[in-house]
Amino acid sequence: MKKTSLSALFCLLAFVTLLTGCGKPKTAPVSERIAKAWTARKVDENSTTVFTAGGANNVRPGYTNFRLDLSQSPNVTLVEFDGNRFSGQWEVQGDNRLILKNLTPQPTGTNGTIEFTITNLGDTEVVLTRTTASQKTGGTVNVYTLKNP
């Protein structure tokens, strides 16, 4: 009888653990996981790859200097491929929207705000798709695959 009771107790404990998620690591919120300094690994403009880190024939080699620094929340520093630097604040809305706001100086045609869809977020890489066309790149919608070195 003791053996049966112990087996039942073990099964019950295992079941409760499964239901409550005990033992599973909790995933940090997107706002914490994205709060890093990012550099360009690959950039696509209208589905055309214009930059790959280490590439010899990049259309826009200036993306070597691209930097999106979200490490000092809520402050952001954005350095574009042409070397222009912008400062402001950032926030994550939901689990898939990154908003850079109050950017100074204001990037052309943005009213100081640039929004991205977060399409993939890992520990060392994030993929951001700009929600509006960039005037700086000729009206293209850009996809940034960024790495955290």
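Residues numbered from 1 in each chain as written. Predicted model: local features only at pLDDT ≥ 70, side-chain atom pairs only at ≥ 80, totals over all residues. Heavy atoms only, no water.

## Topic: the pairing of strand β2 (residues 48–52)
The following threshold applies: When DSSP finds two or more bridges between a pair of strands, those strands are recorded as paired. Secondary structure elements are defined from DSSP: runs of H or I of at least 4 residues count as helices, runs of E of at least 2 residues count as strands, and each element is numbered from the N terminus.
Pairing of strand β1 (residues 37–45) with β2, which is carried by four bridges, proceeds in the antiparallel orientation. Paired with Lys42 across the two strands is Thr52, which belongs to β2. Between β1 and β2, which follow one another and run antiparallel, lie two residues, and Asn46 among them has a positive phi close to 50°.

## Quick notes on unusual backbone geometry
Leaving glycine aside, a negative phi is the common case for residues, and trans is the common case for peptide bonds. We count it as follows: To sort residues, take the accessible area from a 1.4 Å probe on protein chains only and compare it with the maximum for the residue type: under 20% means buried, over 50% means exposed, and anything in between is partly exposed.
Residues Ser73 and Pro74 are joined by a peptide bond in cis, for which omega reads 5°. Counting through the fold element by element, Pro74 comes out in the loop between β3 (67–72) and β4 (75–79). In this structure, the amide linkage connecting Thr104 to the following residue, Pro105, adopts the cis form with an omega of -15°. With respect to the helices, strands and loops of the structure, Pro105 is situated in the loop between β6 (97–104) and β7 (114–121). Phi at Ser47 is positive, roughly 70°, even though this residue is not glycine. Classification of Ser47 by relative accessible area gives exposed; the value is 73%. One non-glycine residue, Asn111, lies in positive phi territory at about 55°. Summarising the element assignment, Asn111 is placed in the loop between β6 and β7. For Asn111, a relative accessible area of 69% corresponds to the exposed category.

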